[in-house]
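# Structure at a glance
Below, each chain spelled out in residue letters.
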Amino acid sequence: MSWYGAAHARNAAVDFVPRGADLAPYRLVLLPNLYMASDETAAWLGSYVADGGRLVCGFFSGIVDEHDHVHLGGYPAPLRDVLGVVVDEFWPVPDDASVEVAFGDRTVPATLWSEWLETAGAETAAAYGSGALAGRPAVTRNAHGAGRAWYVSCHLGDGIGIVLDEAFADAGVRPVHAVPDGVEATRRDGPAASYLFLLNHRDAETDVPVPDGVDLLSGAAVRGTLRLPPLGAAVLRTAHPHPER
């Protein structure tokens, strides 16, 4: 939920895809946890990254195969090449405790889980700032072929947004529309027009800059700015952004 919530807060549309799906249309794949990972699944993800994709993978992944048999040779065994790390030891965090994770000058707490990481080609994006693992890698990034993969060895809660901001920027993932905080935007393109869905999650009126169009819920023409009431919604039909299609 923290991973999805961070994407949602940034108005990044998310699809859920099954293993083996065609990942070519996607700039970025988020993998919060893949405890059960077959060699075929690992190869599928590795090929995606090698071909230029971006992957963010969470902790306790690549532990067992499709038969629930532990992978030999250390974790995250089938994903080590694409992630560029080796997990030396699991290091759970007690329920009433947390450890610091430092992203440069910014520090966020991690709860639930941490891992003793050894880099095997990856570089450190964030390090543990407290506890027994202080100074060791907490988040890594690894160049693999034409793409890049991040590994998050701890539960960052809302702090996962720091990792996603970097991965989004690297992958060229942008919101479908620039809106104020607290406003959700989704766009769907039809053959002759584009439809911008806006939801105001705030309890106050909010002005949203929009392209010219028609609000299908009210029938009103909109020019440049749309005022959403508290908890209001609008569906704006606009000119197709790609008229050649």
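Below you will find a few notes about this structure. Every chain is numbered on its own, with residues counted from 1 as its sequence reads. Confidence filtering applies because this is a predicted model: local features only for residues at pLDDT of at least 70, side-chain atom pairs given and counted only at 80 or more, and all residues used for totals across whole chains, interfaces and linings. Side-chain numbers here rest on the full set of heavy atoms in the structure, without hydrogens or water.

Counting from the N terminus, the helices are DSSP H or I runs at least four residues long and the strands are E runs at least two residues long. Across its full length, the chain holds four helices and 16 strands. Along the first, second and third principal axes, the C-alpha atoms of the chain reach 65 × 40 × 30 Å. Summing over all exposed atoms, the chain offers an accessible surface of approximately 12,700 Å²; the carbon and sulfur share of this is 52%. For this count, His and the chain ends are skipped, Lys and Arg are scored as positive, and Asp and Glu as negative. Just so you know, the charge point we use is NZ for Lys, CZ for Arg, CG for Asp and CD for Glu. Charge-centre separation for the chain: the mean point of 17 positive side chains lies 10 Å from the mean point of 31 negative side chains. Computed by Shrake-Rupley with a 1.4 Å probe, the accessible areas treat only the displayed protein chains as cover when residues are assessed.

Three labels apply to residues, based on accessible area from a 1.4 Å probe with only protein chains included: buried if under 20% of the type maximum, exposed if over 50%, partly exposed otherwise in between. Counted residue by residue, strand β9 (residues 147-152) has five buried out of six residues, so it is predominantly covered. In this structure, strand β2 (residues 54-58) lies alongside β9, joined through five bridges in parallel fashion. Paired with Gly-58 across the two strands is Val-152, which belongs to β9. Strands qualify as paired when DSSP identifies two bridges or more between them. Across six bridges, the pairing between strand β8 (residues 137-144) and β9 is antiparallel. Across the sheet, residue Ala-143 finds its bridge partner in β9, namely Arg-148.

What follows concerns the side chain of Thr-238. Within the secondary structure, Thr-238 sits in strand β16 (residues 233-239). Overall, the relative accessible area of 12% leaves Thr-238 in the buried class. It only takes one pair of heavy atoms within 4.5 Å for two residues to be counted as in contact. The contact partners of Thr-238, leaving out residues within four places of it in the chain, are Ala-193, Ser-194, Pro-211, Asp-212 and Gly-213.

Strand order in this open sheet of seven strands is β1-β2-β9-β8-β7-β4-β5, and the pairing throughout is mixed. For this open sheet the edge positions go to β1 (28-31) and β5 (106-110), each flanked by a neighbour on one side alone. Across the sheet, the mean angle separating the axes of adjacent strands is 20° when strand polarity is ignored. Pairing between strand β4 (residues 99-103) and strand β7 (residues 123-128): two bridges, direction antiparallel. Opposite Val-101, over in β7, you have Tyr-128 as the bridge partner. Against the sheet, helix α1 (residues 2-9) engages β1, β2 and β9, with an angle of about 140° to β2. The sheet strands contacting helix α4 (residues 160-171) are β1, β2, β4, β5, β8 and β9, and the helix crosses β9 at an angle near 175°. Interaxial angles span 0 to 180 degrees and are taken between N-to-C directions of axes, which are lines fitted to C-alpha atoms, for helices over the stretch in contact.

What follows is about the pairing of β1. Here β1 runs beside β2; their pairing, made up of four bridges, is parallel. Across the sheet, Val-29 pairs through a bridge with Leu-55, a residue of β2. Classification remark: right-handed applies to a crossover when, strands pointing away from the viewer, the course from the first strand over the helix to the second runs clockwise. With helix α2 (residues 39-50) bridging β1 and its parallel neighbour β2, the resulting β-α-β unit is right-handed.

Let us now look at a nonpolar patch on the surface. The grouping of Tyr-4, Val-14 and Phe-16 at the surface amounts to a nonpolar patch, some 330 Å² of accessible area in total. You can see Tyr-4 is positioned in helix α1. For patch building, the residue pool is restricted to those with more than 30% relative accessible area and no salt bridge; the joining distance is 9 Å between like charges and 5 Å between nonpolar side chains (Val, Leu, Ile, Met, Phe, Trp, Tyr). Salt bridges are counted wherever a side-chain nitrogen of Lys or Arg sits within 4 Å of a carboxyl oxygen of Asp or Glu.

Counting across every chain of the model gives eight salt bridges. Across the pair Arg-10 and Asp-165 runs a salt bridge whose closest N-O atoms are separated by 2.6 Å. Note that Arg-10 is positioned in the loop between α1 and β1 and Asp-165 in helix α4, a separation of 155 residues in sequence. You can call Arg-10 partly exposed: its relative accessible area is 27%. For Asp-165, a relative accessible area of 38% gives the class partly exposed.

Any link to function would need more than the numbers given here.
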